[in-house]
Amino acid sequence: MAIVDFDMSGAQSFISENEMSQLRNETEDACVKLASKTGAGNDFLGWYDLPLRPDGDYCRLKAAAEKIRKDSEVLVVVGIGGSYLGARAVIEALTDPFANARALAGEGGTAVIFAGNSISPVYLSSVLDIVKDRDFSVNVISKSGTTTEPAVTFRFFKELLEKKYGRKGAAERIYATTDSSRGALKKMADAEGYETFVIPDDVGGRFSVLTPVGLLPVAVAGIDTDALLAGAREAFGEYNEAAFDVNACCRYAAARTALYRQGKSVELLVNYEPGLHFLTEWWKQLYGESEGKEGKGLFPAGCDFTTDLHSMGQYIQDGARIMFETAVEVRVPERDLVIGSDADNYDGLNYLAGRSMDYVNKQAAKGTAMAHIDGGVPNLKVSVERLDARSVGGLIYFFERACAVSGYMLGVNPFNQPGVEAYKKNMFKLLGKPM
């Protein structure tokens, strides 16, 4: 069985086999560009075969994670964008939804809390309150060390650590994931003696979850990083050798390209598991930064179903026909419940007695897809057997590779992000930063 399955039957009335056939050569050409590293942005393709290349620091990384788990009640991960979204996506997909609360209550494990992804004083103050009376460590993640949000945030945690443990003791609790040789954070880490891990020069932030950027926080959360990487390796093998007709990655890229060329401007990634919320957030950055340029690209949006059907369902069903959905399905849940019978049956739900919650969830997904398709919203589906480390590793690689192929088919460089600098220039000017 494939590690990731792709089903476009919910879009067959919108995309003909003839359209898919016409896209075959274009898709295969994009795949060749990617594999041969001859396309735009080819100096940022380190993620492409990353699962096959052992990281020289991987054993040291796992040792550092084990040390943090032993000496810290909390790990604060300081980063923004690709420096935190991938790790948070994996952790929330693969851990108990209340793992942090349990850890903070002393029930075992290390809480992993994210900061530096906003400039909100309210949020930062709350995190500082959580850690001030607990043993904690910090993993600060930044290529340059000067990105405003994480740099400002790190100042507060560095000061608190030094007050609690002294300068030397603080240095033993700070882990810097940064450039191998340059930048403000690297300079500080060398001067202060922080343990460092490298962000590869040829891997952009949004593709960095399987590097130390994501792996250190994920390991601290107690997740099997060996299995995560094994899943990505398995996906690499599947998408590197399979023909277009059975290559899930290629067919997903081709299907979304076909719908885009028909005039669809929004791709809505949907899930039926709350733990996948941050996978959607990671996916939004991956596709938004990779494709949104030169006046082109699908707008990546997301919904958590069935929750958002009670807020966004009306628009999706009857609003402007600008979107299509890609649903992420988990075929077998980690846990399930059976609905019982009630003697009074006030809620009228006894017809569900003996059914599992997962059964109800799956029927909700099927019913929603049927309604949306009937309402003019094409539906694609990406499935994994279980929500485990292997499957999540495969899913990450699936989306990364399809994103690169889609970007080449769109005619853009999928690996740069020139537009994100515009707001920074205005902010720096308003703040009075010396230029």
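Above this note sits the structure.
Everything numeric here is computed off the predicted structure, so don't read it as measured data. (Residues numbered from 1 in each chain as written. Predicted model: local features only at pLDDT ≥ 70, side-chain atom pairs only at ≥ 80, totals over all residues. Heavy atoms only, no water.)

Q: Just checking my understanding: could you explain the sheet that holds strand 5 (residues 174-178) for this structure?
A: The strands that make up a sheet are held in pairs by hydrogen bonds between backbone atoms, and each pair lies either parallel or antiparallel. The strand order 3-2-4-5-6 describes an open sheet built from five strands, whose pairing is parallel. Sheet topology places strand 3 (111-115) and strand 6 (195-198) at the edges, where each strand pairs with a single neighbour. Looking at each pair of strands side by side, their axes are set apart by 20° on average, direction ignored. Here four bridges tie strand 4 (residues 136-141) to strand 5, and the two strands are oriented parallel to one another. Note that in strand 5 the partner of I141 across the bridge is T177. Relative to strand 6, helix 2 (residues 58-71) is tilted by about 135°, and along the sheet it contacts strand 2 (74-78), strand 4, strand 5 and strand 6. (Pairing = 2+ DSSP bridges. Helix = DSSP H or I, 4+ residues; strand = E, 2+ residues; numbered from the N terminus. Axes fitted to C-alpha atoms, helices over the stretch in contact; angles between N-to-C directions. Contact = heavy atoms within 4.5 Å.)

Q: It is not clear to me how the pairing of strand 5 should be interpreted in this structure. Could you clarify?
A: Successive side chains on a regular strand alternate, one facing one side of the sheet and the next facing the other. Of all five residues in strand 5, five are buried; the element is thus mostly enclosed. With burial as the criterion, each face of strand 5 is covered, one bearing I174, A176 and T178 and the other bearing Y175 and T177. Taken together, strand 4, helix 6 (residues 148-171) and strand 5 constitute a β-α-β crossover, and its handedness is right-handed. Relative to strand 6, strand 5 is paired through four bridges, and the arrangement is parallel. Counterpart to T178 in the pairing with strand 6 is V198. Taking the sense of rotation as the criterion, the β-α-β connection linking strand 5, helix 7 (residues 184-192) and strand 6 turns out right-handed. (Buried < 20%, exposed > 50% of the residue type's maximum accessible area, 1.4 Å probe, protein only. Right-handed = clockwise from strand over helix to strand, strands pointing away.)

Q: Is there a simple way to think about the sheet that holds strand 8 (residues 299-304) in this case?
A: With mixed pairing, the five strands of this open sheet are ordered in space as 1-10-9-7-8. Edge positions in the open sheet fall to strand 1 (5-7) and strand 8, since each of these has one partner strand only. Looking at each pair of strands side by side, their axes are set apart by 25° on average, direction ignored. When strand 1 meets strand 10 (residues 379-386), the two strands line up antiparallel, connected through three bridges. Note that in strand 10 the partner of F6 across the bridge is V382. The strands touched by helix 14 (residues 389-410) within the sheet are strand 7 (266-271), strand 9 (323-332) and strand 10, with strand 10 carrying the most contacts at an inclination of about 150°.

Q: Where do I start with the pattern of salt bridges in this structure?
A: Side chains that differ in sign of charge can pair as their charged atoms come close. With the rule as written, the count across this model stands at 30 salt bridges. Linking K143 and D179 is a salt bridge whose minimum nitrogen-to-oxygen distance equals 3.4 Å. Highlighted residues: K143 in the loop between strand 4 and helix 6 and D179 in the loop between strand 5 and helix 7, separated in sequence by 36 residues. You can call D179 buried: its relative accessible area is 3%. In this structure, the salt-bridge partner of D190 is K186, at a minimum N-O distance of 3.2 Å. Of this pair, D190 and K186 both sit in helix 7, four residues apart, which is roughly one turn of that helix. (Salt bridge = Lys/Arg side-chain N within 4 Å of Asp/Glu carboxyl O.)

Q: Even after reading the chapter, I still don't get helix 2, so can you show me in this structure?
A: Side chains three or four residues apart in an α-helix point the same way, a direct result of the helix having 3.6 residues per turn. The end-to-end C-alpha separation of helix 2 is 20 Å, in line with the 20 Å expected for 14 residues at 1.5 Å each. Among all positions in helix 2, only Y58, L61, A64, A65 and I68 are buried. When helix 2 is viewed along its axis, its buried side chains cluster within an angular range of 115° and face the same direction. Residues of helix 2 that are exposed and point more than 90 degrees away from the buried face comprise C59 and K70. Tucked inside the fold, the buried residues of helix 2 contact strand 2, strand 4, strand 5, strand 6, helix 8 (212-220) and helix 9 (225-241). (Expected span 1.5 Å × (residues − 1). Arc of directions from axis to C-beta.)

Q: What's the story with the packing of helix 3 (residues 85-94) against helix 8 in this structure? I'm lost.
A: When two helices pack together, you describe them by how their axes are tilted relative to each other and by the distance separating the axes. As a packed pair, helix 3 and helix 8 sit with axes 8 Å apart at the nearest point and diverge in direction by 30°. On the basis of their axis angle, the class for helix 3 and helix 8 is roughly parallel. Helix 8 is crossed by helix 3, and the crossing has right-handed handedness. Between helix 3 and helix 8, the contacting residues are A87, V90 and I91 on the first element and G214, P217 and V218 on the second. (Parallel < 35°, antiparallel > 145°, perpendicular 65-115°, else oblique. Left-handed = near helix turned anticlockwise from the far one by under 90°.)

Q: Would you mind showing me how to read the nonpolar core here?
A: The nonpolar side chains of a soluble globular protein tend to be buried with one another. Among the nonpolar cores identified, the biggest contains 92 residues, and W47, W282 and F399 are the most heavily contacted of them. Ranked by the residues each element gives to this core, the list is headed by helix 14, at 13 residues. Apart from the residues lying within four places of it in its own chain, the contact partners of W282 are L85, G86, A89, R206, V209, I396, F399 and E400. Core analysis: the second largest hydrophobic core is formed by 25 residues, A115, L124, A171 and A176 among them. (Core = buried A, V, L, I, M, F, W, Y, C linked by side-chain atoms within 4.5 Å.)

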